[in-house]
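# Analysis of the macromolecular model
Here is what each chain is made of, one letter per residue.
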Amino acid sequence: MIQANHGLLVIVSQGQSRSPEKRQLEDGIALAAASLPNTVSLIVPHLYDLGGDSESLERIRLWRGPIVVLTWLFDRAAHWILDRMDVRGRPGDVELINPDTISDDEEDDDAGSDDDKAEDRVANIQQRPDRRIYSIDLRSSPNVDSFVNEFQRILQFEELLSPRPREFLSLDRFLQPTNTTALAIDGSSALDQPASHDSPLGIVPLRIEEHPVRRWYPVIDYSRCTNCMECIDFCLFGVYGVDRRETILVEQPDNCRKGCPACSRVCPENAIIFPQHKTPAIAGAPVEAGGSFKIDLSKLFGAPERNEDAVSAAARERDEQLILAGRAAVGIAKPAEVQTTRDGSTDSSSRPKDKLDSLIDQLDSLDL
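Residues numbered from 1 in each chain as written. Predicted model: local features only at pLDDT ≥ 70, side-chain atom pairs only at ≥ 80, totals over all residues. Heavy atoms only, no water.

## Regarding the environment of Glu269
- In this fold, Glu269 is placed in the loop between α8 (262-266) and β11 (272-273).
- For Glu269, a relative accessible area of 8% gives the class buried.
- Sequence separation of Glu269 and Arg121 is 148 residues, and the distance between their C-alpha atoms is 9.8 Å.
- Here the side chain of Glu269 touches Arg121 through a polar contact of 2.9 Å, side chain to side chain. (Helix = DSSP H or I, 4+ residues; strand = E, 2+ residues; numbered from the N terminus. Buried < 20%, exposed > 50% of the residue type's maximum accessible area, 1.4 Å probe, protein only. Polar contact = N/O pair within 3.5 Å; in protein donor to acceptor, adjacent residues only side chain to side chain.)

Put into structure tokens, the structure is as follows:
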């Protein structure tokens, strides 16, 4: 029987659109993956929408071995979505690439290998587990065979690279559901399917039926993040926080204002991703060494006002969301001028005083 930290887990993340063409490709890939030796195939709802108590995540966290995750998102976004959900590892090399992300002059150099700030990246300071997570964009090919060939290549690589692990997690534990929502594609229980020697689910992938609501929140790429805290200083909605190591994190993701990518514009390292944004640079498109995007930022960010720089655009977007939330706009303020309390409200004592503040101060001085 496969050990859950020695075989390969293939996760197919369903798209939000319920497009028949997308569903056909997703199911075809999951079915083909389930028939491969030493491979378990799992279909989950859209990865980005899953909450912390999701059964899908509970199941995935049990897996100790290499993972292949397929989403309708940029590869970088998918990797760091899993990372924030405590499914961590190091990015595995993928040869099946979304053609829209490949530039004519692309080089094979590792991004950031000659970057002066490489030693300051959070991922270099806080090392991830020594297992590989292969993120594949489902937009890379319309053909199931292309994905199968990539799975087989990864399997061969893992067999050559990975020694037999010392600690074993029984696959039975991974397959046993915590409730009755784990279903096969045909609606029958996945655990009732006949098992083969190589694939414990036969040719039937495991499907977990959940119906999460659509979400909008930032994801931090810690391979680029230097923990500069620009984002927590800029955001006034209480989205960001710090952990016990004083490392920046997305503490309250659902405090984020839907459609607002402002904090990603002020990040000096392009480390903040909004996976569902229409602009590739914000949604996690590949970046070159030194932090420059592979295509023109002015075309990607699409600021609606001519000659509006990234900071101005970010301040405008933030003010729009503050007004929608019934709060006052603050414009472009230095971090020291505007602070945010833990509940996301603005600390008025840290803002420059206006006429109303001065009038209140005068009244207070009268000691009425």
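## Overview of unusual backbone geometry
- Of note in this structure, Asn227 is not a glycine but carries a positive phi near 65°.
- Tracing the backbone shows Asn227 in the loop between β8 (219-220) and α7 (230-234).
- Classification of Asn227 as partly exposed rests on a relative accessible area of 23%.
- Phi at Glu246 is positive, roughly 65°, even though this residue is not glycine.
- Position of Glu246 among the secondary structure elements: in the loop between β9 (240-242) and β10 (248-250).

## Re the pairing of strand β1 (residues 8-13)
- Of all six residues making up β1, six are buried, and the element is well covered by its neighbours.
- Burial along β1 is two-sided: the residues Leu8, Val10 and Val12 and Leu9, Ile11 and Ser13 are all buried.
- Bridge count between β1 and strand β2 (residues 39-44): six bridges; the pairing is parallel. Looking across to β2, one finds that Leu8 is bridged to Thr39.
- Handedness of the crossover joining β1 and β2 through helix α1 (residues 20-34) is recorded here as right-handed.
- Note that β1 and strand β3 (residues 67-71) share four bridges and pair parallel. Considered in β3, the bridge of Val12 is made with Leu70. (Pairing = 2+ DSSP bridges. Right-handed = clockwise from strand over helix to strand, strands pointing away.)

## Section: the nonpolar core
- Ranked by internal contacts, the top residues of the largest apolar core, which has 48 residues, are Ile67, Ile81, Tyr222 and Tyr240.
- If one sorts the elements of this core by residue count, helix α3 (residues 75-84) sits on top with four residues.
- Ignoring sequence-local partners within four residues, the contact set of Ile67 consists of Leu8, Leu9, Ile11, Ile60, Val87, Arg131, Arg132, Ile133 and Tyr134.
- Counting residues in each nonpolar core, the second largest holds 23 residues, with Ile43, Trp72, Ile136 and Val148 among its members. (Core = buried A, V, L, I, M, F, W, Y, C linked by side-chain atoms within 4.5 Å. Contact = heavy atoms within 4.5 Å.)

## Observations regarding the packing of aromatic side chains
- On inspection of all chains with the given rule, the structure shows three aromatic pairs.
- Measuring from centroid to centroid gives 4.3 Å for Tyr48 and Tyr217, while their planes differ by 25°, and the two rings are stacked. Of this pair, Tyr48 sits in the loop between β2 and α2 (55-62) while Tyr217 sits in the loop between β7 (206-208) and β8, and the two are 169 residues apart along the sequence.
- Overall, Tyr48 belongs to the buried group, its relative accessible area being 0%.
- Relative accessible area serves as the criterion here: at 0%, Tyr217 is assigned to the buried category.
- Judged by centre distance (5.2 Å) and plane angle (20°), the ring pair of Trp216 and Phe274 falls under stacked. Linking Trp216 in the loop between β7 and β8 with Phe274 in the loop between β11 and α9 (280-283), this pair joins segments that are 58 residues apart in sequence. The two residues Trp216 and Phe274 agree in class, both being buried. (Phe/Tyr/Trp six-rings, centres within 6.5 Å; stacked < 30°, edge-to-face > 60°.)

## Points about the side chain of Ser264
- Mapped onto the elements of the fold, Ser264 is located in helix α8.
- Looking at Ser264, its side chain comes within polar contact range of the main-chain oxygen of Pro261, at 2.6 Å.
- Not counting the four nearest positions on each side in its chain, Ser264 is found in contact with Ile272, Phe274 and Ile282.

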